[in-house]
Amino acid sequence: MPADNAEIAALFDRYADLLEIQDANPFRVRAYRNAARVVSGSPRSMAELLAEGRDLEELPGIGKDLAAKIATIVRTGALPQLEQLQQRVPRALSDLMGLPGLGPKRVKLLYRELNIRSIEDLQRAARSGALEKLPGFGAKTIARILGGIESRGSVPQRFKLADAEQAAAPLVAYLEKIRGVKTVTVAGSYRRRRDTVGDLDILVTARRGTPVMRRFTRYDAVAEVLSAGATRASVRLRNGMQVDLRLVPEASYGAALYYFTGSKAHNIAVRKIAVGKGLKINEYGVYRGARRIAGRSEAELFAAVNLPYVPPELRENRGEIETARNGKLPELVSLADLRGDLHAHTTASDGHDTLAAMAGAARTLGYAYLAITDHTRQVRVAHGLNARELRAHFAAIDRLNAGFRDFRLLKSAEVDILDDGSLDLPAALLAEMDVVVAAAHYHLALSAERQTARILKALDNRCVHVLAHPTTRLINQRPEFSADMQKIFAAAAERHVAMEINAQPERLDLDDIQARAACAAGCKLVISSDAHSAAGLANLRYGVDQARRAWLSKEDVLNTLPLDRLLQTFHH
Ligand code: DGT
Ligand code: CA
Ligand code: CA
């Protein structure tokens, strides 16, 4: 079982951490960090690319050496150089690096200056006051580190949905190949398309006597078998993810699928309704007394409790049962409804593909439009463009557009919102764009009051059409910034600024709850890939997942509109 992208990225990140502790050349450190980012951001798995005979050196920033290392990891699941390096760095130092507020630089300092090699050393140094004397260790930082030590282990690790997919897809394929297996379905939060997944819940139907459990527990990526019985087993994969598998009889498949899709809160609410009708629901079926009246399919089950079908994305006990009963469930937006994408980067800033390549990929996907939103100058790490460079970029867009029928590149930019809420480009240039996408990238730690005021000021700019990744969260890395989102949504609705659902797997920002709140406040939404490569355009579907979880229909999402109506909406 080849290593998946998340595992490869984790090894590279770890390698970079250890290099950094050892004071290695910063370019080397950066090369590994970049490799981790490129691999984890790739919509295709490295294993697949290698199996197709593709040259990994085609990936941005991946040279011969890194390509070889990726191949080694895919093949063996390990990186020998990392293991060597690990022997030279005290083991506990990497544990320290896992704490919030402690990166390699600080861990190195702790080790050098105070000989801190373990979490216990660290707690002692904090108590004795020695920590405060180190440069960069203010009271706030220390409190955060100690808080991190306390909550260790209490917060269960959750996986990004895209990472869960990377683990699930090959496992499902493996199970489907077992002779005698009929169906393999991933239920749970995965099927509800939650932005993060705690574990995978897999349902299997098979002919009697099929060795499903034995084959499952012997799957290559299994690190540990947690339990194994005749009809259920749990394992932990090498990437840390737990997988629960259940073998279910076909007559109960629908009931099991329904039960294990959850959510638990939804299940409990529906069970209550069933009880009111004198019925009993469990994972085997719907029963009146001892008689099973439904269970083979989900449709059967919904019919038995007299409810219309509720799509899995809505099953969170957030009003879907009442609404379904009243026949008022919205027709949820789908990927096929989207006519184009309003957020994409090219090699002009930090994208990996050229304007022409991005246009080609968008046309292949059947889009009518693609907004090119390279960064503006303030975002230096991404080689943001100044006004002159952007005008040249627009001229190149005009030249390409001249050759297209039924497709248009839209002139745009991901305009940085400066610390005071003004924008990183002059109004005259913004007025020349087809669509203006504004986004905050820096100053994310302002007080809620100042952050709200800053974003409101940006929304006041009459040129802005879309607010990108509105809360700036990065899943498992950075929480939403503090701001009064309700106020922001209200202001955006008034000014006709659309809120983005950014579909990058680590962003999914707005998330389901916020997107629903934005819609309720009267905002329109856009679903955008924020692609940094042609392949990255395919991430759009993750945004659609969250939009569906937010109860959005086609009418709520602007990039379901044909080009002329979209532009009318922006330039009314
Ligand atoms: P996760 O794994 O934390 O992302 O979330 P889920 O929803 O996949 O939860 P999980 O894996 O604990 O359980 C899978 C499904 O099984 C859950 O969505 C509903 C069902 N389930 C689990 N425990 C219970 C329970 O105590 N009562 C009921 N009615 N259903 C349950
Ligand atoms: Ca689960
Ligand atoms: Ca589970």
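Up top is the structure these notes are about.
What counts as what
- Residues numbered from 1 in each chain as written.
- Chains lettered and ligands numbered in written order.
- Predicted model: local features only at pLDDT ≥ 70, side-chain atom pairs only at ≥ 80, totals over all residues.
- Heavy atoms only, no water.
- Salt bridge = Lys/Arg side-chain N within 4 Å of Asp/Glu carboxyl O.
- Helix = DSSP H or I, 4+ residues; strand = E, 2+ residues; numbered from the N terminus.
- Buried < 20%, exposed > 50% of the residue type's maximum accessible area, 1.4 Å probe, protein only.
- Donors = N, O, S within 2.8 Å, 3.2 Å for Na, K, Ca; no water.
- Tetrahedral: all angles 85-135°; square planar, octahedral: opposite > 155°, others 65-115°.
- Expected span 1.5 Å × (residues − 1).
- Arc of directions from axis to C-beta.
- Contact = heavy atoms within 4.5 Å.
- 1 Å grid on protein atoms, 1.4 Å probe; cavity = no way out; pocket = protein on both sides within 12 Å on 5 of 7 lines; lining within 4 Å.
- Points joined across faces, edges and corners; volume = space filled by probe spheres on them.
- Nonpolar A, V, L, I, M, F, W, Y, C, P; charged D, E, K, R; others polar.

### Points about the pattern of salt bridges
- All chains considered together, the criterion is met by 31 salt bridges.
- Linking Glu-165 and Arg-193 is a salt bridge whose minimum nitrogen-to-oxygen distance equals 2.4 Å. Here Arg-193 lies in the loop between helix H11 (188–191) and strand E3 (196–197) and Glu-165 lies in helix H10 (residues 161–176), a separation of 28 residues in the sequence. Accessibility classification places Glu-165 together with Arg-193 in one group, the buried group.
- Of the charged contacts, one joins Glu-250 and Lys-182 as a salt bridge, the two residues approaching to 2.8 Å between their closest N and O atoms. Residue Glu-250 is located in the loop between strand E7 (242–247) and helix H13 (253–261), and its partner Lys-182 is located in strand E2 (residues 181–186); the two are separated by 68 residues in the primary sequence.
- Overall, the relative accessible area of 46% leaves Lys-182 in the partly exposed class.
- Connected via shared salt-bridge partners are Asp-13, Asp-17, Glu-20, Arg-33 and Lys-105.

### Overview of the coordination of the calcium ion (ligand 2)
- Those donors, Asp-199 (O), Asp-199 (OD) and Asp-201 (OD), are the protein atoms that reach the calcium ion (ligand 2), and they lie 2.2 to 2.6 Å from it.
- In this structure, the calcium ion (ligand 2) is surrounded by 6 donor atoms whose angles at the metal cover 68 to 165°, and the resulting shape is irregular.
- Here the calcium ion (ligand 2) and the calcium ion (ligand 3) are spaced 3.8 Å apart, with Asp-199 acting as a shared donor. Across this residue pair, the class does not change: Asp-199 and Asp-201 are buried.

### Thoughts on helix H14 (residues 264–276)
- Here H14 is 13 residues long and its end C-alpha atoms lie 19 Å apart, about the 18 Å a rise of 1.5 Å per residue gives.
- Residues of H14 that are buried: His-266, Asn-267, Ala-269, Val-270, Ile-273 and Ala-274. Looking down the long axis of H14, one finds its buried residues gathered within 165° of arc, a one-sided arrangement. Turned more than 90 degrees away from the buried face of H14, the exposed residues are Lys-264, Lys-272, Val-275 and Gly-276.
- Looking at the buried residues of H14, the elements they touch are H13, strand E8 (280–282) and helix H16 (320–325).
- Positioned one or two residues after H14, Gly-278 has a phi angle of 75°, which is positive.

### Describing empty space enclosed by the protein
- Counted by the stated rule, this structure contains 2 cavities of 30 Å³ or more.
- Within this model, the largest cavity holds a volume of roughly 70 Å³.
- Asp-4, Glu-7, Ala-167, Ala-221 and Leu-237 are, among the 12 residues lining the largest cavity, the residues nearest its centre.
- For the lining of the largest cavity, a count of residues per class yields 7 nonpolar, 2 polar and 3 charged.
- Approximately 50 Å³ is the volume found for the second largest cavity.
- Together, Tyr-258, Tyr-259, Asn-267, Val-270, Arg-271 and Ile-281 line the second largest cavity.
- Among the elements of the structure, H13 and H14 are those that each provide at least two residues to the lining of the second largest cavity.
- Residue contributions to the lining of the second largest cavity peak at 3 residues, all from H14.
- Its residues assigned to classes, the lining of the second largest cavity shows 4 nonpolar, 1 polar and 1 charged.

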